[in-house]
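# Summary of the model geometry
Here's the letter readout for the chains.
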Amino acid sequence: EYFRWHKEIRLSSPQWPREQRLLVLECHEQSTKCGGTADRLSAMPFLVRVAAQSQRLLLLYWGRPARLEEFLLPPVGGMDWRIPPGDASYILANGQFATKQEDILRLAQSHKPTTRIVHCRFQSHDHGADYYNSHLQQGESEEPSCAQVTQPLWNVLFTPSPPVAQRIVDSMNQAGLQPDRYVAAHLRALYAVDTREPELVQYWTENAINCASQLSTTTGTNTIFMAADNLAASILAERYGASVHRSVVTRRNAQQPEPLHLDKASNWQSRPASDYYDAFVDLYLLAQSQCVTYGMGGYGKFASYLSFNVSCGMQHHAAVGITPCTLAPQSVVPQDTRGNHVDTTIFLPPMKTINELQPRSLHGIGGKDSPQGSAIHHASVTLPESTFPDTHRLPSSDFLWSESKLLPNWMKDYFLWHKEQRQKLNSQNWREFNFLVMECLQAASHCGGTADRLRPVPFVVRLAAETNRILLIHWEKPQPLESFLLPPVTGVDWRTPSYIAQRLKPKEFYGAVNKILPVVRDSSRTIVQSRLQVHDHGSSYYNEQAALHDKPFNTTFRDVYRDCWYSLFTPIPAIAKIIEDELEELQLQPGNFAFAHLRANYGIEKRGGRGSELVTNWTRNALNCLSSLRPGGPFLFASDSALARRVAVEYGKEKSTPVISRIDAPEPLHLDLVDDWASRKASDFYDVFVDLYLMSMGRCMSYNVGGFAKWAQLLSGKNFTCNVRYVPTVHDYKSILSLTWATAQILQNAVGIGRKE
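Please read all numbers here as calculations on a predicted model, not as lab measurements.

## Comments concerning the nonpolar core
Grouped together as the largest cluster of nonpolar side chains are 83 residues, with contacts concentrated most on Leu58 and Phe158. Among the elements that take part in this core, helix α12 (residues 277–287) stands out by supplying 9 residues, more than any other. Once you skip the residues sitting within four places of it in the chain, leucine 58 turns out to touch Tyr2, His6, Leu23, Met44, Leu47, Val48, Ala51, Met79 and Trp81. Residues Val492, Val513, Ala546 and Leu583 belong to the second largest nonpolar core, which totals 80 residues.

So this is what it looks like as structure tokens:
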């Protein structure tokens, strides 16, 4: 929620640096002490939480020893923490400064004009972890701790700059390292001193390797990567590894033999940024391992939090002494961990230059999706033949997914494998296969709405592919899914055979990613039932795995969503006809309208709905916000409130802009909130799917709460960032994003000054 809000504020107005409340983590050029890499960056979970609690934009600025952007950049799809160059002097010259946790919290919560900008340089023994963990939300799904959230948060905030990324992969290839296929050790031999006795360095080094070997027995890998701040320690590590017949690799060929400490290098003003690359290269090499053993200081521990398994770490050396380790035997079944080439596609690409980050109020207008610009057409619409997969005629290729340019090869391979397994499957041999079943059984008390149930599809496909399971879907409540959607001709047949369905158990489902992963990977479990209910619908896991394993990495969860969906689903003929009739009657041309969605009754569906004044205000504001994205319309308005739909149409007339809504349609029924669902016909729920498909044909949207509208935009496969959310939560009316109506003249002016996207 905070990242979404952060993006929307940055995109809503060019004046945000001088209007919004800011929290700036900084190391100014004139700062005398900022700490090392871990001191500066380990507190990101704490700072994100404080920024979210105080409704401040979190920004980062380094002037010493170089700009942070020399080493790290925001990834595509992540949070942009950069300060626009034209506003840097203003931001850095104003506001209050704090270094202690209590002062940061006090200033962040203040609403005085002098504290609109709060600068901080935070260094503490726990990097704010105690505060973060003391505010974890309690509920059915346990919120991850500070340590657990560090790695996924890092991936939202940072990706290595291109030269750092290249040096990382060059180092991995020279050492023969593969991500997640080795263990790592870090040694701060020179912690707090300039020199150390050689005998002590040797003792510490050998013990670090021994401790790493203990970790390797639990992971099944025999390769150990050693990083140190002392060249002698790296040499000793390799020699010791050779003497005990262990594969120990280091970066002895690094451009800088000993990585420079960001805060302690002499003559830092005259050094190029590249002199400090190795501090980030070592951090990433440690973090790419399965487990990390670390010594004094925070650097190695920070790397363990960024590794593939935060729980697999060990401190071999603390200020009070060492943890003695003996050399463990090699793995019984050694992995082939060396030799495969690694390239920079293991990292998410960085965002473009900050000067290109302009408000997206015109995104998608006049581009290839709407070749006739913003003109409003009233002629009858001829639907393109490809609106839905044709269920009566085979497509030109053998399989529906074959011609997709977005689906990764592994997914196409899995769909083909799935088809082959289905052809072999029967009631006699089903125990020879493994299954992953997305289900909602009759006895289920809660399955979620349509988006909760079906939006995770790419994640579940990935999970099934990774574990060689046949993906099936089985609904009993409120109706079988086949009452609304069917597998398209030459698509993926996800329907559940009766001999599998009768073996599904009401209480044996898994609803969280971290709960289903170990179970689905257990090959002895023939049937695994999924009823996923998570805020990101599995997209974080999908994108992390894509970044690691999809080569080349160019398709994220949202990139593949449309083609993945249409490989699995097509609306039943009755629903398809309603959709096409509505398009013609409402005179909507796919790709040439924007849509607004209002969940007016979110959270109170069974309590009679919200007051007419509030619904009216929300409706008008939803269209105001949408007009800023596509001035002049036409607009489709969808809502669970019949009143809102009527208000929307009248408001369009008031503004002389086409606002179209299905005002004669009943209020769509929520799949999970109808008490008498057992006595309802399947057709009572058709409108949910009609609205979904209609909205998915639009470009740009405004929305308030729930996941339905964002799901429709995913399904569109277009303009993922052309949206605005005008109500953060149904309980926070004061935080509504309120805009005035934008006219088509704005579009003409923007085109005139070259800002049209």
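Resuming the write-up.
## Comments concerning the pairing of strand β8 (residues 223–228)
With respect to burial, β8 is a largely interior element, 6 of its 6 residues being buried. Across 5 bridges, strand β7 (residues 183–187) lies against β8 in parallel orientation. Across the sheet, histidine 186 pairs through a bridge with alanine 227, a residue of β8. Pairing analysis gives 3 bridges linking β8 to strand β9 (residues 247–249), with the strands arranged parallel. Within the sheet, the bridge partner assigned to isoleucine 224 lies in β9 and is valine 248.

## Let's talk about the state of the cysteines
Two cysteines joined by a covalent bond between their sulfur atoms form a disulfide. Tallied over the full model, the rule gives 5 disulfides. Covalently, cysteine 211 is tied to cysteine 325 through a disulfide, its sulfur atoms 2.0 Å apart. One disulfide, between cysteine 211 and cysteine 325, carries an S-S torsion of 90° and so falls in the right-handed class. With cysteine 211 in helix α10 (residues 198–219) and cysteine 325 in the loop between β13 (321–322) and α14 (409–424), the pair connects residues that are 114 residues apart, well separated along the chain. The same class applies to cysteine 211 and to cysteine 325, which are both buried. Across the disulfide, cysteine 700 is cross-linked to cysteine 722 (sulfur-sulfur distance 2.0 Å). What sets the handedness of the cysteine 700 and cysteine 722 disulfide is the S-S torsion sign, and at about 95° it is right-handed.

## Overview of the sheet that holds strand β4 (residues 96–98)
Here we have 4 strands laid out as an open sheet, ordered β2-β1-β5-β4, and parallel in their pairing. Each of the sheet's edge strands pairs with one partner strand only, and the pair in question is β2 (57–62) and β4. For this sheet, the mean angle separating the axes of adjacent strands, direction not counted, is 25°. In the sheet, strand β1 (residues 22–27) pairs with β2 via 6 bridges, with the strands oriented parallel. Each bridged residue has a counterpart across the sheet, and for valine 24 the counterpart in β2 is leucine 59.

The rules behind these values
Residues numbered from 1 in each chain as written. Predicted model: local features only at pLDDT ≥ 70, side-chain atom pairs only at ≥ 80, totals over all residues. Heavy atoms only, no water. Core = buried A, V, L, I, M, F, W, Y, C linked by side-chain atoms within 4.5 Å. Buried < 20%, exposed > 50% of the residue type's maximum accessible area, 1.4 Å probe, protein only. Helix = DSSP H or I, 4+ residues; strand = E, 2+ residues; numbered from the N terminus. Contact = heavy atoms within 4.5 Å. Pairing = 2+ DSSP bridges. Disulfide = S-S within 2.5 Å. Axes fitted to C-alpha atoms, helices over the stretch in contact; angles between N-to-C directions.

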